[in-house]
Every structure is written in C-alpha cells, then in structure tokens.
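The residues making up each chain are set out below.
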Amino acid sequence: MPQTVRGVIARSKGQPVELVDVVVPDPGPAESVVAVHACGVCHTDLHYREGGINDEFPFLLGHEAAGVVEAVGAGVDPAVLQPGDYVILNWRAVCGVCRACARGRPWHCFDTHNATQRMTLADGTELSPALGIGAFADKTLVHVGQCTKVDPQAPATAAGLLGCGVMAGLGAAVNTGGVTRGDSVAVIGCGGVGMAAVAGSVLAGARRVIAVDSDRRKLALARATFGATHGVDASSEDVVAAIRALTDGFGADVVIDAVGRPETYEQAFYARDLAGTVVLVGVPTPEMRLDLPLLDFFGRGGALKSSWYGDCLPSRDFPRYVDLALQGRFPLAAFVSETVGLGDVEAAFAAMHRGDVLRSVVVL
C-alpha cells in the first residue's frame, strides 16, 4: 500500500523549500521504491526552485542519491534488480531502442525512462520529481533503469554524488574531453563539477592540470586534495595568459568550462592549443549569448563540445568509479564538505551560494 514519508519540495518559484508529507505509491511494472540513505545538494535543485528548469511546480527536489531498493514492481527480473540491492540513482535510464542506442551510443539516449506513476502531496497534488528522481525524501519512486547497483561498501554520502555532479565533471574530462596520458588540461571553475574534472584529468594521466577559480580556498583544495599541478587566480590574473604561460606558450590540450558563462567560455576558447578541445559542462542560462569571430574558430581547429551528464553510461561508469574510490585511486569522499539533515536544504543552498562547500549531503 502507498507510504507517507518526509520530502522537501519547492512549491513555487523563488520561495524557500518546505519539508512536507509525500505519498509514495507501490511500484508498478518497471518501477522500484528506494529507501534513500543520502542525497547531495546540487545547484540543479536550486535551478528547479528558481524556475530555471521549467514551471511544473511543485517539485520534489533531490537527485544525487544512493540507497537500498525496498520494493520492485511486478515482472521485474531479480537478476536486474531486487529488494536489498544497494544502488546509486541516475537520470539516464537508457531505452535501448532509440536511434542513439541503436548506433551503440547509449550515453546519448534520446528517450530515457522515468517512473510512470507520480508521487503526491497528502492532498493528492502531483509532484514533479527533480530529474525524474526526487530524492530529498525518505523514500522515492523511480524507474528500475534509474537504479545502478554498486559495491555496498561505498558510503552512501559519497557514492550518491556520482549520480550527478561528480560524474558530470569526471565525465567531461574523461568521456567528452578524451583526456589521456601526457595531456595538459585547464579547468575553469572549481566547484563540485569543476573539481571532479580536475580529479578526472589526474586519474586519466594528464601531466599538467591547471585549476582556475577566483576563490583561493578552492585553488588550494584543488592542488592539495584533487591533484591539480597549478592554480590560476581568476580574480587577479589574466586567465588566458596564465594558462598559456603554464603550457609553454601554446595553450592547453583540453580546456573545461565548468562555469558556463560567455566570459569563461571565451577564456576557454582562447586558452586551448591549436587543434585543442573545449568542453562546456557548466550550465548557461537561456539569455546568455556568445560572439566569437568565425575565422578564429576556423583557424584554431580542434573541437568545441558540450558535456551532458559527462556523457556517462551509469551501468558502466558508476561501478567503475566506486571501485576506484574503494581502492583509494579516486578521492570520491573528499567531495563531501558536510552532512546535514532533511530540514537543512535551504541552509545548504546558502552555503553553496557562498562557495563554502563542494557538496552538502543530506543524510536520512
């Protein structure tokens, strides 16, 4: 029978979030109910609250989550998912039949799955789950394909972050940017996503990893904890000139813009080497525009790419990076700046705005 749990919603644009009762239905075919153990506080959740995604209020927020499957719907193969499985939730439950999947590129799936049923408020009002997940709740209803099984030894506080921000930055470097041994890489913006791009570049074997930010605390953390070889203070240095000076005057092989503003993208464009790659992973807003001389684009060659969810395939990538973290080869736990309660999401948004944290993580 349906369950009533606690959940954090955004009821209307720009208003503080609320902790309310949420009704979770029994799972139907291809659905599962997951008991959430931890969920990161991501900037995307704030975008939902501010109406920056769409206007389908009220939203059930939260999506960077790990937990344990409590129930599955009729007909779900136990070999695929069963109660007791420890999972990271993802928002790319690939369909397997769309044109991207048919071409062997499921990380570009054009028809990803979500649960068919809706969770509701106690009065029956349907909720829109953030990224089809809605995990700022004791339990949530998702599609079976949104559950990626991983090693249960991984702490949920850290593992859940692979569900969005860490995977976005890590994948921007490794999957989209194709960073490999010997490359020089510059990462503009060292929040959670940018720091993951730094760590991913180090993991991929880059010989030079340049962290760029206007916050000296983040630059220090990028070098001391995540392996950056150099730091550039964007508040006092010419970013393009500094990156070029650190790359023998040529520019970096791969430049990752983890901010997503026209000015940072222009810096990334001119800070790359000839035939270098620019990867945009920071999320711009609809009104932003970019003006670049077409001749400069033509003359520099290379590639300009955007990275959506780090071009990841959850079934392939989540277990891989959990295993690397458990082996001590990837600093996943270092992304957790603090743990908070379900009633502290609004305060976590404020800490994120101040730049005090990489990730606040709600523990349930």
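Just so you know, these numbers come straight off a predicted model, no measurement behind them.

J.: How would you summarise the overall build of the protein if you had to cite specific residues and measurements?
T.: Counting its regular elements, the protein contains eleven helices and 18 strands. Here the C-alpha atoms of the protein give a radius of gyration of 20 Å, agreeing with the 21 Å that 2.2 N^0.38 yields for 364 residues. Each principal axis of the C-alpha atoms in the protein carries an extent, and together these give about 65 × 40 × 40 Å. Intrachain contacts of the protein at a sequence separation of at least 6 include 70% that bridge at least 24 residues. Total accessible area on the protein is roughly 15,100 Å²; 52% of this is exposed by carbon and sulfur atoms. Here the protein contributes 29 positively and 39 negatively charged side chains, and the mean placements of these two sets differ by 6 Å.

J.: How would you sum up the pattern of salt bridges? Please name residues and give values.
T.: For side chains of opposite charge, pairing can occur when their charged atoms come near one another. Taken as a whole and assessed by the stated rule, the structure comprises 13 salt bridges. With a shortest N-O distance of 2.5 Å, E50 and R49 are connected by a salt bridge. Between D356 and R354 there is a salt bridge, and its shortest N-O distance comes to 2.7 Å. The class of D356 is partly exposed, set by a relative accessible area of 39%. You can call R354 exposed: its relative accessible area is 52%.

J.: Mind laying out the packing of aromatic side chains, listing which residues take part and the relevant values?
T.: Inspection of every chain in the model, using the stated rule, returns eight aromatic pairs. Between F57 and F59, the aromatic rings sit 4.7 Å apart at their centres with planes inclined by 65°, giving edge-to-face as the arrangement. Owing to a relative accessible area of 23%, F57 belongs among the partly exposed residues under this scheme. A relative accessible area of 1% means that F59 is categorised as buried. Seen from the ring of F269, R272 lies directly overhead, with NZ or CZ sitting 4.8 Å from the centre.

J.: Before we move on, can you summarise helix α4 (residues 165–176) with the specific residues and values?
T.: Most of α4 sits out of view: ten of its twelve residues are buried. Looking at the buried residues of α4, the elements they touch are β5 (64–72), α5 (192–204), β14 (252–257), β15 (272–280), β16 (303–306) and α10 (314–326). A positive phi of about 60° marks G178, the residue just after α4.

J.: Lay out the pairing of strand β18 (residues 360–363) in plain terms, naming residues and giving numbers.
T.: Here strand β3 (residues 31–40) runs beside β18; their pairing, made up of three bridges, is antiparallel. Bridge pairing links G40 to V361 in β18. Inspection of the sheet shows strand β17 (residues 338–340) paired to β18 by three bridges, in the parallel sense. Residue pairing for β18: E338 is matched across the bridge by S360. Following the backbone out of β17, through helix α11 (residues 345–354) and into the adjacent parallel β18, one traces a crossover that is right-handed.

Parameters at a glance
- Residues numbered from 1 in each chain as written.
- Predicted model: local features only at pLDDT ≥ 70, side-chain atom pairs only at ≥ 80, totals over all residues.
- Heavy atoms only, no water.
- Helix = DSSP H or I, 4+ residues; strand = E, 2+ residues; numbered from the N terminus.
- Rg over C-alpha atoms; globule rule 2.2 N^0.38 Å.
- Contact = heavy atoms within 4.5 Å.
- Areas by Shrake-Rupley, 256 points an atom, 1.4 Å probe, with all protein chains shown as cover.
- Lys, Arg positive; Asp, Glu negative; His and termini not counted.
- Charge placed at Lys NZ, Arg CZ, Asp CG, Glu CD.
- Salt bridge = Lys/Arg side-chain N within 4 Å of Asp/Glu carboxyl O.
- Buried < 20%, exposed > 50% of the residue type's maximum accessible area, 1.4 Å probe, protein only.
- Phe/Tyr/Trp six-rings, centres within 6.5 Å; stacked < 30°, edge-to-face > 60°.
- Lys NZ or Arg CZ within 6 Å of the ring centre and 35° of its normal.
- Pairing = 2+ DSSP bridges.
- Right-handed = clockwise from strand over helix to strand, strands pointing away.

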